[in-house]
Amino acid sequence: MAHLLMLLLFSFQLFGYNLLPAESYTLRGRVLAADNREPLSNASVTVGTLNISTVTNQDGYFTLRVPESARNSRLIIRYLGYENLEIPVVTLIDKPNNHIVLQPSFIELGTLEVVSGNGRELIREALNRIPQNYAVDPTMMVAFYRESIKKNSNYISLVETVLDVYKSSYRSYETDQAKIYIGRKATDISPRDTVLLKFQGGISTALMLDVAKNPEIVFGERGDEYNFTIERMVSINNKPHYEISFLPLPGITDILFRGKLFLDRESLAISRMEFNMNVEGRRDASNIFIRRKPSKMKVDVEEASYVADFIEDDGKWFFNYSSTQVRFRVRWTNRFFGLFATNYTINSEMAVTDRYRDGVNKFPREERIRSTDVIAEKVEHFQDPDFWGEYNVIEPDIEITNAIRRLSGRLIRRAE
């Protein structure tokens, strides 16, 4: 599986948007849990009558721009283990401090419901049903992608792009395609950092995280290297789901994955997957992520974690969101100051914000993002503060916002 792992690990990615007409409203809010008042991150926020959506950030905030025609629609908030909440769009207009509270969902189980035990047969049946549970025909998507690089506690790079995506059929072996519609970046990477941080294939990896289309990336041909355990039933989108954990079989020495996935009880569609690599204490893990490095540079990979999320529409399931986080610890052994390690964290996310079935066409070869592309080299620096004004955006973290402001100032001075 080593060649498959390579595909997953050169990657960073984030969220997508749809260009809207000038007559539009900006909806803002914060999603909280009713039982503990904690913010719910990565909650799905969708306009019910349109394919316009976003997700909440780590503090539960979201921003969503909708056309005037959606004024009488309803906003649907979804989060794993909580009841869906529908809110009239009109009640959120021009109100910047909306607190939206989701109630925990409790599932009543039948007397014969199996909620624990070996989940291998469920997983195999779920894989067999992928052709009928997911889109038969190719579709087009709009997505927003963001990747950031953090050196110790400071952000040194942030890249955002709006993407057009050709999503191939789940019944074909054809790969997905993406092209950058528009992008921006703020960077302050030193030559030494560049040695480590020129990663490739962020957007390509974001699409490869569609584990329903590419299950072999994690499980190989049949998942024979893993134990699968049914843990419990949880509610997602007001529907019961099996929560199934997976771990590599004892005695397997390869770097593999562990985590949990969620299957819709009725269809056995994969609706969400949260997983990470068993890289802790593995010196060979750095070879997966870094193709070339100086011999005196010692790299330890401390974390490689992933999320893939799907959404149902008219009986079919679609790729909706993915995220990646990779943490490295770096030392230079030929320098006195090499006694002190430097920590790097790469975060990326991609969120689909629109899907459509008309005008489905592949992109010219020269416009496609390749798996070898470094996305930070494909986009321009920040320029116009209103650059993204016409696009739905996911609220950035406060720290990232400050970093952008600081780095943009440096860029302006350099330009002068």
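J.: Before we move on, can you summarise the nonpolar core with the specific residues and values?
T.: Counting 71 residues, the largest nonpolar core has Val218, Phe246, Leu263 and Phe310 as its most contacted members. Here this core gets eight residues from one element, more than from any other, and that element is strand S16 (residues 297-313). Core analysis: the next-biggest nonpolar cluster, separate from the first, contains 22 residues, Tyr25, Ala43, Ala70 and Ile87 among them.

J.: Describe the sheet that holds strand S4 (residues 61-67), listing the residues and the values that go with them.
T.: Sheet architecture is open: three strands sit in the order S4-S1-S7, paired in mixed fashion. Two strands bound the open sheet, and with one partner strand each, they are S4 and strand S7 (99-102). This sheet shows a mean twist of 40° between the axes of neighbouring strands, independent of strand direction. Alignment of strand S1 (residues 24-33) against S4, held across seven bridges, turns out to be antiparallel. Note on S4: the bridge partner recorded for Arg28 is Thr63.

J.: Please provide a residue-by-residue account of helix H2 (residues 120-128), values included.
T.: Within H2, burial applies to Arg120, Leu122, Ile123 and Ala126. Viewed end-on, H2 has its buried residues packed into an arc of 160°, placing them on one side of the element. Exposed residues pointing more than 90 degrees away from the buried face of H2 are listed as Glu121 and Asn128. On its buried face, H2 sits against strand S8 (117-118), helix H3 (130-133), strand S12 (226-236), strand S13 (239-248) and strand S14 (257-264).

J.: Just give me the short version of the packing of aromatic side chains, but keep the residues and values in it.
T.: The description of an aromatic ring pair rests on the distance of the ring centres and on the angle between the ring planes. Counted under the stated rule, the structure contains 13 aromatic pairs. Relative to Tyr226, the ring of Phe219 has its centre 5.7 Å away and its plane inclined at 90°; by these criteria the two rings are edge-to-face. Exposure remark for Phe219: the relative accessible area of 4% places this residue in the buried category. Overall, the relative accessible area of 0% leaves Tyr226 in the buried class. On the basis of an interplanar angle of 25° and a centroid distance of 5.3 Å, the ring pair of Phe275 and Tyr306 is categorised as stacked. Residue Phe275 is located in strand S15 (residues 270-277), and its partner Tyr306 is located in strand S16; the two are separated by 31 residues in the primary sequence. Owing to a relative accessible area of 2%, Tyr306 belongs among the buried residues under this scheme. Feature note: the residues Tyr134, Tyr170, Phe310 and Phe319 constitute an aromatic cluster, connected by ring pairs. We note Lys213 situated over the ring of Tyr170; from NZ or CZ to the ring centre the distance is 6.0 Å.

J.: Outline the sheet that holds strand S2 (residues 44-47), supporting the account with residue identities and numerical values.
T.: Strand order across the open sheet formed by four strands is S3-S2-S5-S6, with antiparallel pairing between neighbours. Two strands lie at the open edges of the sheet, namely strand S3 (53-55) and strand S6 (85-88), each paired on one side alone. Taken over all neighbouring pairs, the strand axes of this sheet differ in orientation by 20° on average, direction set aside. Sheet topology places S2 next to S3; three bridges connect them, and they run antiparallel. The partner of Val45 across the bridge, within S3, is Thr54.

J.: Lay out unusual backbone geometry with the relevant residues and their values.
T.: The backbone of Asn237 shows a phi angle near 55°, a positive value even though the residue is not glycine. Residue position: Asn237 is located in the loop between S12 and S13. Even without glycine at this site, Leu268 takes up a positive phi of about 65°. The topology assignment puts Leu268 in the loop between S14 and S15. By relative accessible area, Leu268 is classed as buried at 6%.

Definitions and limits used
- Residues numbered from 1 in each chain as written.
- Predicted model: local features only at pLDDT ≥ 70, side-chain atom pairs only at ≥ 80, totals over all residues.
- Heavy atoms only, no water.
- Core = buried A, V, L, I, M, F, W, Y, C linked by side-chain atoms within 4.5 Å.
- Buried < 20%, exposed > 50% of the residue type's maximum accessible area, 1.4 Å probe, protein only.
- Helix = DSSP H or I, 4+ residues; strand = E, 2+ residues; numbered from the N terminus.
- Pairing = 2+ DSSP bridges.
- Axes fitted to C-alpha atoms, helices over the stretch in contact; angles between N-to-C directions.
- Arc of directions from axis to C-beta.
- Contact = heavy atoms within 4.5 Å.
- Phe/Tyr/Trp six-rings, centres within 6.5 Å; stacked < 30°, edge-to-face > 60°.
- Lys NZ or Arg CZ within 6 Å of the ring centre and 35° of its normal.

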